[in-house]
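Reading the structure
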Amino acid sequence: MKIAFAALLAAILTAQPAVSQTPPPAIAEDFKPSSLNQPGQQYPQVNSQGYARFRIVAPDATSVKVSLGLGGRGGTVLTKAGDGSWTGTTEGPLDEGFHYYRLTVDGGTFNDPGTLNFFGSRRWESGIEIPAHDADFYALKDVPHGRVEQILFPSPSTGAPRRAFVYTPPGYGKNPRDRYPVLYLQHGWGEDETAWTNQGHANLIMDNLIAAGKARPFIIVMTYGMTNDVRPGGPGGLASFDIKPFQTVLLDELIPYVDSQFRTLPDQRHRAMAGLSMGGFETRLITLKNLDKFAYIGLLSGGTVSLDDVNAAPGYREKVKLTFVSFGSRELEGGRAGPPGGPRVDPRANAEALRNAGIKSAFYVSPDTGHEFQSWRRSLRELAPMLFTD
(Lines give C-alpha, C1' and ligand atoms only; values in the text may rest on other atoms or scores of the structure.)
Protein backbone atom coordinates (compact mmCIF):
# COMPACT_ATOMS: atom_id res chain seq x y z
CA MET A 1 0.00 0.00 0.00
CA LYS A 2 2.84 2.42 0.79
CA ILE A 3 4.33 1.85 -2.66
CA ALA A 4 0.93 2.39 -4.26
CA PHE A 5 0.50 5.62 -2.32
CA ALA A 6 3.88 6.90 -3.44
CA ALA A 7 3.00 6.09 -7.04
CA LEU A 8 -0.33 7.88 -6.73
CA LEU A 9 1.28 11.01 -5.30
CA ALA A 10 3.90 10.98 -8.04
CA ALA A 11 1.08 11.03 -10.58
CA ILE A 12 -0.60 13.93 -8.78
CA LEU A 13 2.58 16.01 -8.63
CA THR A 14 3.24 15.59 -12.33
CA ALA A 15 -0.35 16.18 -13.43
CA GLN A 16 -0.82 19.34 -15.47
CA PRO A 17 -3.75 21.03 -17.14
CA ALA A 18 -3.82 19.51 -20.61
CA VAL A 19 -3.54 21.64 -23.70
CA SER A 20 -4.61 20.92 -27.24
CA GLN A 21 -2.32 18.56 -29.16
CA THR A 22 -3.35 20.04 -32.53
CA PRO A 23 -2.22 23.43 -33.85
CA PRO A 24 -4.56 25.95 -32.20
CA PRO A 25 -6.60 28.40 -34.26
CA ALA A 26 -5.96 32.12 -34.11
CA ILE A 27 -6.59 33.43 -30.61
CA ALA A 28 -9.98 35.11 -30.35
CA GLU A 29 -9.73 38.55 -28.77
CA ASP A 30 -12.91 38.18 -26.74
CA PHE A 31 -11.22 37.89 -23.33
CA LYS A 32 -13.29 38.53 -20.21
CA PRO A 33 -12.36 38.57 -16.51
CA SER A 34 -12.34 35.15 -14.84
CA SER A 35 -15.35 34.47 -12.62
CA LEU A 36 -12.92 33.93 -9.72
CA ASN A 37 -11.38 37.41 -9.85
CA GLN A 38 -11.32 39.72 -6.86
CA PRO A 39 -14.09 42.37 -7.05
CA GLY A 40 -13.30 44.97 -9.68
CA GLN A 41 -10.18 43.19 -10.99
CA GLN A 42 -9.91 42.76 -14.78
CA TYR A 43 -7.18 40.09 -14.84
CA PRO A 44 -6.73 37.19 -15.24
CA GLN A 45 -8.99 36.83 -18.25
CA VAL A 46 -10.28 33.92 -20.32
CA ASN A 47 -11.60 33.81 -23.86
CA SER A 48 -14.20 31.72 -25.67
CA GLN A 49 -11.55 29.18 -26.74
CA GLY A 50 -10.24 28.49 -23.23
CA TYR A 51 -7.06 30.56 -23.40
CA ALA A 52 -6.03 32.43 -20.25
CA ARG A 53 -4.36 35.85 -20.21
CA PHE A 54 -2.54 37.26 -17.20
CA ARG A 55 -1.42 40.79 -16.35
CA ILE A 56 0.75 41.63 -13.35
CA VAL A 57 2.03 45.06 -12.31
CA ALA A 58 5.64 44.70 -11.16
CA PRO A 59 7.73 47.66 -12.42
CA ASP A 60 10.95 46.62 -10.70
CA ALA A 61 10.81 42.91 -11.61
CA THR A 62 13.16 41.37 -14.16
CA SER A 63 11.14 38.20 -14.87
CA VAL A 64 7.55 37.07 -14.27
CA LYS A 65 6.09 33.65 -14.98
CA VAL A 66 2.70 32.02 -14.39
CA SER A 67 2.67 28.30 -13.52
CA LEU A 68 -0.57 26.32 -13.63
CA GLY A 69 -1.61 23.12 -11.85
CA LEU A 70 -0.80 21.42 -8.57
CA GLY A 71 2.79 22.16 -7.63
CA GLY A 72 2.99 25.04 -10.11
CA ARG A 73 5.14 23.30 -12.73
CA GLY A 74 5.69 24.56 -16.28
CA GLY A 75 4.68 28.11 -17.02
CA THR A 76 3.70 31.00 -19.22
CA VAL A 77 6.42 33.66 -19.43
CA LEU A 78 5.02 37.19 -19.26
CA THR A 79 6.38 40.15 -21.24
CA LYS A 80 7.07 43.55 -19.70
CA ALA A 81 5.47 46.70 -21.07
CA GLY A 82 6.60 50.29 -20.74
CA ASP A 83 4.16 51.01 -17.91
CA GLY A 84 5.73 48.34 -15.69
CA SER A 85 3.03 45.73 -16.29
CA TRP A 86 3.69 42.16 -17.42
CA THR A 87 1.27 40.36 -19.75
CA GLY A 88 1.12 36.90 -21.28
CA THR A 89 -1.30 34.36 -22.76
CA THR A 90 -1.16 30.59 -22.41
CA GLU A 91 0.25 28.77 -25.43
CA GLY A 92 -2.91 26.74 -25.82
CA PRO A 93 -6.43 26.45 -24.44
CA LEU A 94 -6.83 24.97 -20.96
CA ASP A 95 -9.25 22.24 -19.98
CA GLU A 96 -12.66 23.48 -18.91
CA GLY A 97 -13.10 24.07 -15.20
CA PHE A 98 -10.95 25.13 -12.27
CA HIS A 99 -7.14 25.44 -12.25
CA TYR A 100 -4.67 26.42 -9.55
CA TYR A 101 -1.82 28.73 -10.50
CA ARG A 102 0.97 30.78 -8.97
CA LEU A 103 3.35 33.57 -9.96
CA THR A 104 7.13 33.39 -10.00
CA VAL A 105 8.58 36.90 -9.78
CA ASP A 106 12.38 37.09 -9.85
CA GLY A 107 12.54 33.57 -8.43
CA GLY A 108 10.04 34.16 -5.61
CA THR A 109 6.61 32.50 -5.40
CA PHE A 110 3.56 34.73 -5.05
CA ASN A 111 -0.20 34.71 -5.49
CA ASP A 112 -1.94 36.86 -8.07
CA PRO A 113 -3.58 39.85 -6.31
CA GLY A 114 -6.24 39.89 -9.03
CA THR A 115 -7.91 36.61 -8.12
CA LEU A 116 -9.25 34.62 -5.18
CA ASN A 117 -7.13 32.07 -3.35
CA PHE A 118 -7.80 28.36 -2.85
CA PHE A 119 -5.97 25.89 -0.64
CA GLY A 120 -3.96 23.40 -2.72
CA SER A 121 -0.36 22.09 -2.88
CA ARG A 122 -0.15 22.69 0.90
CA ARG A 123 -0.58 26.45 0.41
CA TRP A 124 -3.12 29.04 -0.69
CA GLU A 125 -2.94 29.17 -4.49
CA SER A 126 -4.49 31.52 -7.02
CA GLY A 127 -7.39 30.11 -9.01
CA ILE A 128 -8.81 30.60 -12.48
CA GLU A 129 -12.02 29.19 -13.96
CA ILE A 130 -12.31 28.24 -17.63
CA PRO A 131 -16.04 28.30 -18.47
CA ALA A 132 -17.36 24.81 -19.13
CA HIS A 133 -19.99 23.86 -21.67
CA ASP A 134 -21.76 21.81 -18.98
CA ALA A 135 -21.37 24.25 -16.06
CA ASP A 136 -25.14 24.34 -15.51
CA PHE A 137 -25.05 21.41 -13.08
CA TYR A 138 -22.97 23.41 -10.57
CA ALA A 139 -24.40 26.86 -11.35
CA LEU A 140 -25.99 28.97 -8.62
CA LYS A 141 -29.69 28.74 -9.43
CA ASP A 142 -33.00 29.90 -8.00
CA VAL A 143 -33.68 26.59 -6.23
CA PRO A 144 -33.90 25.68 -2.54
CA HIS A 145 -30.42 25.66 -1.06
CA GLY A 146 -28.85 23.63 1.69
CA ARG A 147 -26.47 24.98 4.31
CA VAL A 148 -22.73 24.54 4.72
CA GLU A 149 -21.59 25.06 8.30
CA GLN A 150 -18.28 24.73 10.08
CA ILE A 151 -18.10 22.40 13.07
CA LEU A 152 -15.33 21.84 15.60
CA PHE A 153 -15.27 18.34 17.02
CA PRO A 154 -13.17 16.92 19.86
CA SER A 155 -10.25 14.73 18.83
CA PRO A 156 -8.51 13.10 21.80
CA SER A 157 -6.27 11.12 19.44
CA THR A 158 -4.68 14.32 18.07
CA GLY A 159 -4.88 16.33 21.28
CA ALA A 160 -6.86 19.23 19.81
CA PRO A 161 -10.28 20.02 18.37
CA ARG A 162 -10.55 19.50 14.63
CA ARG A 163 -12.60 21.19 11.93
CA ALA A 164 -15.10 19.83 9.45
CA PHE A 165 -17.66 21.35 7.11
CA VAL A 166 -21.14 19.85 6.98
CA TYR A 167 -23.63 20.25 4.16
CA THR A 168 -27.24 19.77 5.20
CA PRO A 169 -29.73 19.55 2.32
CA PRO A 170 -32.64 21.91 1.65
CA GLY A 171 -35.47 21.25 4.09
CA TYR A 172 -33.22 19.88 6.82
CA GLY A 173 -34.45 22.51 9.28
CA LYS A 174 -38.16 22.14 8.52
CA ASN A 175 -39.09 18.74 9.91
CA PRO A 176 -37.21 17.75 13.08
CA ARG A 177 -38.35 14.16 12.67
CA ASP A 178 -36.58 13.58 9.35
CA ARG A 179 -33.23 11.78 9.41
CA TYR A 180 -30.68 11.62 6.63
CA PRO A 181 -27.94 9.39 5.19
CA VAL A 182 -24.36 10.72 5.31
CA LEU A 183 -21.56 10.89 2.75
CA TYR A 184 -18.05 11.43 4.13
CA LEU A 185 -16.28 13.22 1.27
CA GLN A 186 -12.50 13.65 1.23
CA HIS A 187 -10.24 16.17 -0.53
CA GLY A 188 -6.98 15.45 -2.33
CA TRP A 189 -3.31 15.72 -1.45
CA GLY A 190 -2.24 19.23 -0.45
CA GLU A 191 -5.84 20.42 -0.07
CA ASP A 192 -8.04 20.71 2.99
CA GLU A 193 -11.67 20.52 4.10
CA THR A 194 -12.57 23.69 2.17
CA ALA A 195 -11.82 22.15 -1.24
CA TRP A 196 -15.07 20.37 -2.03
CA THR A 197 -17.22 23.46 -1.54
CA ASN A 198 -14.80 26.19 -2.70
CA GLN A 199 -13.24 24.44 -5.70
CA GLY A 200 -15.72 21.63 -6.21
CA HIS A 201 -19.09 23.36 -5.65
CA ALA A 202 -20.35 20.19 -3.96
CA ASN A 203 -23.18 22.06 -2.23
CA LEU A 204 -24.45 23.60 -5.47
CA ILE A 205 -24.21 20.26 -7.27
CA MET A 206 -26.36 18.68 -4.56
CA ASP A 207 -28.85 21.57 -4.45
CA ASN A 208 -29.43 21.27 -8.20
CA LEU A 209 -29.69 17.48 -8.21
CA ILE A 210 -32.15 17.50 -5.32
CA ALA A 211 -34.25 20.26 -6.91
CA ALA A 212 -34.43 18.22 -10.13
CA GLY A 213 -35.47 15.11 -8.21
CA LYS A 214 -32.32 13.27 -9.31
CA ALA A 215 -30.76 12.59 -5.90
CA ARG A 216 -32.03 11.71 -2.46
CA PRO A 217 -31.30 14.45 0.10
CA PHE A 218 -28.35 13.52 2.28
CA ILE A 219 -25.75 15.11 4.53
CA ILE A 220 -22.14 15.58 3.37
CA VAL A 221 -19.27 15.81 5.86
CA MET A 222 -15.87 17.11 4.73
CA THR A 223 -12.87 17.10 7.04
CA TYR A 224 -9.10 17.42 6.83
CA GLY A 225 -7.57 14.10 5.84
CA MET A 226 -4.26 14.70 7.62
CA THR A 227 -2.63 14.37 4.21
CA ASN A 228 -0.37 17.39 4.51
CA ASP A 229 1.70 15.66 7.17
CA VAL A 230 3.37 13.79 4.30
CA ARG A 231 5.85 15.87 2.30
CA PRO A 232 7.95 14.89 -0.70
CA GLY A 233 11.56 14.97 0.40
CA GLY A 234 10.62 14.89 4.10
CA PRO A 235 11.66 12.20 6.59
CA GLY A 236 10.64 8.87 5.13
CA GLY A 237 9.26 10.53 2.01
CA LEU A 238 5.86 9.59 0.64
CA ALA A 239 6.28 5.98 1.77
CA SER A 240 5.97 7.16 5.38
CA PHE A 241 2.22 7.74 5.00
CA ASP A 242 0.14 5.92 7.60
CA ILE A 243 -3.67 5.77 7.33
CA LYS A 244 -4.20 4.83 11.00
CA PRO A 245 -4.22 8.36 12.52
CA PHE A 246 -6.86 9.62 10.10
CA GLN A 247 -8.84 6.39 10.37
CA THR A 248 -9.01 6.92 14.14
CA VAL A 249 -10.19 10.51 13.69
CA LEU A 250 -12.83 9.49 11.18
CA LEU A 251 -14.21 6.32 12.75
CA ASP A 252 -13.79 6.96 16.47
CA GLU A 253 -14.25 10.73 16.69
CA LEU A 254 -15.90 12.41 13.70
CA ILE A 255 -18.61 9.88 12.85
CA PRO A 256 -19.84 9.56 16.46
CA TYR A 257 -19.85 13.34 16.80
CA VAL A 258 -21.82 13.86 13.59
CA ASP A 259 -24.33 11.17 14.58
CA SER A 260 -24.82 12.87 17.95
CA GLN A 261 -25.16 16.43 16.62
CA PHE A 262 -27.08 15.93 13.36
CA ARG A 263 -30.18 13.96 12.47
CA THR A 264 -28.44 11.13 10.70
CA LEU A 265 -29.45 7.57 9.93
CA PRO A 266 -26.53 6.17 11.94
CA ASP A 267 -26.08 2.75 10.39
CA GLN A 268 -23.90 1.12 7.77
CA ARG A 269 -26.43 1.06 4.95
CA HIS A 270 -26.98 4.82 5.22
CA ARG A 271 -23.31 5.77 5.28
CA ALA A 272 -20.96 6.35 2.32
CA MET A 273 -17.35 7.41 1.89
CA ALA A 274 -15.75 8.88 -1.21
CA GLY A 275 -12.76 11.02 -2.07
CA LEU A 276 -10.77 12.54 -4.89
CA SER A 277 -7.17 11.58 -5.63
CA MET A 278 -5.48 10.88 -2.30
CA GLY A 279 -8.89 11.16 -0.64
CA GLY A 280 -9.94 8.24 -2.82
CA PHE A 281 -6.84 6.35 -1.76
CA GLU A 282 -7.77 6.98 1.87
CA THR A 283 -11.34 5.91 1.14
CA ARG A 284 -10.13 2.63 -0.32
CA LEU A 285 -7.85 1.86 2.61
CA ILE A 286 -10.47 2.64 5.24
CA THR A 287 -13.63 1.21 3.72
CA LEU A 288 -12.23 -2.16 2.67
CA LYS A 289 -11.16 -2.77 6.28
CA ASN A 290 -14.38 -1.37 7.79
CA LEU A 291 -17.26 -2.74 5.75
CA ASP A 292 -19.46 -2.66 8.84
CA LYS A 293 -19.30 1.17 8.66
CA PHE A 294 -19.81 1.99 4.95
CA ALA A 295 -22.20 0.62 2.32
CA TYR A 296 -21.14 2.91 -0.55
CA ILE A 297 -17.58 3.47 -1.78
CA GLY A 298 -16.46 6.16 -4.25
CA LEU A 299 -12.96 6.50 -5.69
CA LEU A 300 -12.53 9.63 -7.84
CA SER A 301 -9.14 9.50 -9.58
CA GLY A 302 -8.08 7.65 -6.47
CA GLY A 303 -7.53 4.04 -7.45
CA THR A 304 -9.72 1.09 -8.27
CA VAL A 305 -11.24 -2.01 -6.68
CA SER A 306 -10.46 -5.37 -8.25
CA LEU A 307 -12.15 -8.72 -7.84
CA ASP A 308 -9.10 -9.83 -5.85
CA ASP A 309 -9.71 -6.92 -3.45
CA VAL A 310 -13.33 -8.02 -3.04
CA ASN A 311 -12.36 -11.62 -2.39
CA ALA A 312 -9.83 -10.48 0.23
CA ALA A 313 -12.46 -8.41 2.08
CA PRO A 314 -14.91 -10.72 3.89
CA GLY A 315 -18.50 -9.56 3.51
CA TYR A 316 -17.87 -7.19 0.60
CA ARG A 317 -20.41 -8.82 -1.69
CA GLU A 318 -23.15 -8.69 0.92
CA LYS A 319 -22.43 -5.36 2.58
CA VAL A 320 -21.32 -2.97 -0.19
CA LYS A 321 -24.24 -1.51 -2.14
CA LEU A 322 -22.12 0.38 -4.70
CA THR A 323 -18.50 0.59 -5.82
CA PHE A 324 -18.04 3.77 -7.86
CA VAL A 325 -14.79 4.56 -9.72
CA SER A 326 -14.11 7.53 -11.98
CA PHE A 327 -11.27 9.24 -13.84
CA GLY A 328 -10.71 12.08 -16.24
CA SER A 329 -10.26 10.84 -19.80
CA ARG A 330 -6.70 12.20 -19.94
CA GLU A 331 -5.79 10.04 -16.95
CA LEU A 332 -6.69 6.91 -18.90
CA GLU A 333 -4.25 7.12 -21.77
CA GLY A 334 -4.10 3.68 -23.31
CA GLY A 335 -7.17 2.68 -21.30
CA ARG A 336 -5.22 2.43 -18.07
CA ALA A 337 -4.44 4.61 -15.06
CA GLY A 338 -1.16 5.05 -13.28
CA PRO A 339 1.94 7.23 -13.04
CA PRO A 340 4.40 7.47 -15.91
CA GLY A 341 6.84 4.58 -15.72
CA GLY A 342 4.99 3.00 -12.81
CA PRO A 343 2.54 0.12 -12.53
CA ARG A 344 -0.62 0.70 -14.52
CA VAL A 345 -3.98 -0.88 -13.95
CA ASP A 346 -7.17 -1.05 -15.98
CA PRO A 347 -9.94 0.37 -13.75
CA ARG A 348 -12.59 -0.13 -16.44
CA ALA A 349 -11.79 -3.84 -16.61
CA ASN A 350 -11.91 -4.06 -12.81
CA ALA A 351 -15.35 -2.42 -12.75
CA GLU A 352 -16.60 -4.80 -15.43
CA ALA A 353 -15.22 -7.80 -13.52
CA LEU A 354 -17.13 -6.68 -10.43
CA ARG A 355 -20.35 -6.32 -12.42
CA ASN A 356 -19.89 -9.75 -13.97
CA ALA A 357 -19.50 -11.15 -10.47
CA GLY A 358 -22.86 -9.71 -9.48
CA ILE A 359 -21.43 -6.76 -7.52
CA LYS A 360 -23.01 -3.36 -8.15
CA SER A 361 -20.24 -1.35 -9.77
CA ALA A 362 -20.20 1.92 -11.71
CA PHE A 363 -17.41 3.40 -13.80
CA TYR A 364 -17.41 6.97 -15.12
CA VAL A 365 -14.99 8.87 -17.35
CA SER A 366 -15.09 12.69 -17.50
CA PRO A 367 -14.54 13.71 -21.14
CA ASP A 368 -11.55 15.86 -22.05
CA THR A 369 -10.28 16.42 -18.49
CA GLY A 370 -7.37 15.17 -16.45
CA HIS A 371 -6.48 15.11 -12.75
CA GLU A 372 -8.50 18.22 -12.00
CA PHE A 373 -11.66 19.49 -10.36
CA GLN A 374 -13.84 19.41 -13.46
CA SER A 375 -13.37 15.62 -13.45
CA TRP A 376 -14.38 15.46 -9.80
CA ARG A 377 -17.33 17.85 -10.08
CA ARG A 378 -18.72 15.67 -12.86
CA SER A 379 -17.94 12.54 -10.86
CA LEU A 380 -19.93 13.78 -7.87
CA ARG A 381 -22.82 14.62 -10.21
CA GLU A 382 -22.76 11.00 -11.41
CA LEU A 383 -22.22 9.44 -7.99
CA ALA A 384 -24.79 11.31 -5.92
CA PRO A 385 -27.91 9.92 -7.64
CA MET A 386 -26.62 6.37 -7.04
CA LEU A 387 -26.29 6.81 -3.28
CA PHE A 388 -28.83 5.57 -0.74
CA THR A 389 -31.28 4.42 -3.40
CA ASP A 390 -32.63 1.64 -1.17
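Everything below is about the structure printed above this text.
As the structure is a computational prediction, the values presented were derived from the model and not from experiment. (Residues numbered from 1 in each chain as written. Predicted model: local features only at pLDDT ≥ 70, side-chain atom pairs only at ≥ 80, totals over all residues. Heavy atoms only, no water.)

Quick word on the pattern of salt bridges
By the definition in use, this model includes 15 salt bridges. Across the pair R123 and E125 runs a salt bridge whose closest N-O atoms are separated by 2.7 Å. Accessibility expressed as a relative area gives 23% for R123, which makes it partly exposed. Its relative accessible area of 1% is what places E125 among the buried residues. One salt bridge connects D309 with R284, and the closest N-O pair in it is separated by 2.6 Å. Here the residue D309 occupies a position in helix α6 (residues 307-311), and R284 occupies one in helix α5 (residues 278-289), the gap between them amounting to 25 residues. Of the two residues, D309 and R284, both sit in the buried class. Several salt bridges share partner residues, and in doing so they unite E96, D134, R378, R381 and E382 into one network. (Salt bridge = Lys/Arg side-chain N within 4 Å of Asp/Glu carboxyl O. Buried < 20%, exposed > 50% of the residue type's maximum accessible area, 1.4 Å probe, protein only. Helix = DSSP H or I, 4+ residues; strand = E, 2+ residues; numbered from the N terminus.)

Some thoughts on the sheet that holds strand β2 (residues 45-46)
Taken together, the 5 strands give an open sheet; going across it, the order is β1-β2-β3-β7-β6, and neighbouring strands pair in antiparallel fashion. Where the open sheet ends on each side, the last strands, each with one partner, are β1 (32-33) and β6 (79-80). Across 2 bridges, β6 lies against strand β7 (residues 85-89) in antiparallel orientation. Its bridge partner lying in β7, K80 is registered against W86. (Pairing = 2+ DSSP bridges.)

Looking at the nonpolar core
L183, L185, W196, M206, F218, I220 and L387 are the most contacted members of the largest nonpolar core, which has 39 residues in total. Top element by residues in this core is helix α3 (residues 202-211). It accounts for 5 residues. Excluding residues within four positions of it along the chain, I220 makes contact with F165, V166, Y167, L183, L185 and M206. Counting residues in hydrophobic clusters, the runner-up holds 28 residues, among them I151, I255, F281 and F294. (Core = buried A, V, L, I, M, F, W, Y, C linked by side-chain atoms within 4.5 Å. Contact = heavy atoms within 4.5 Å.)

Thoughts on the sheet that holds strand β12 (residues 147-153)
Taken together, the 8 strands give an open sheet; going across it, the order is β12-β13-β15-β14-β16-β17-β18-β19, and neighbouring strands pair in mixed fashion. Both outer strands of the open sheet, β12 and β19 (361-366), are each paired with one neighbouring strand and no more. Taking the axes of each pair of neighbouring strands and ignoring which way they run, one obtains an average angle of 20 degrees across the sheet. Both strand β18 (residues 322-328) and β19 contribute to a ladder of 6 bridges, which runs parallel. By the bridge assignment for β19, V325 is matched with F363. On top of the sheet, helix α4 (residues 244-261) reaches β12, β13 (162-168), β14 (182-186), β15 (219-223) and β16 (271-276); it is set at about 115 degrees to β12, its chief contact. α5 rests against β14, β16 and β17 (296-300) of the sheet, and its axis sits at about 145 degrees to β16. (Axes fitted to C-alpha atoms, helices over the stretch in contact; angles between N-to-C directions.)

Focus on α5
Helix length check: α5 (12 residues) gives 17 Å between terminal C-alpha atoms against 16 Å at 1.5 Å per residue, within 8%. Counting buried positions over the 12 residues of α5 gives 11, a clear majority of the element. (Expected span 1.5 Å × (residues − 1).)

Quick notes on the pairing of strand β8 (residues 97-105)
With respect to burial, β8 is a largely interior element, 8 of its 9 residues being buried. As paired elements, strand β4 (residues 64-68) and β8 share 5 bridges and run antiparallel to each other. Paired with V66 across the bridge in β8 is L103. Summarising the sheet, β8 and strand β11 (residues 123-130) pair through 5 bridges and their orientation is antiparallel. Across the sheet, G97 pairs through a bridge with I130, a residue of β11. Relative to strand β9 (residues 108-110), β8 runs antiparallel, the two being bridged by 3 bridges. Bridge pairing in β9 links V105 to G108.

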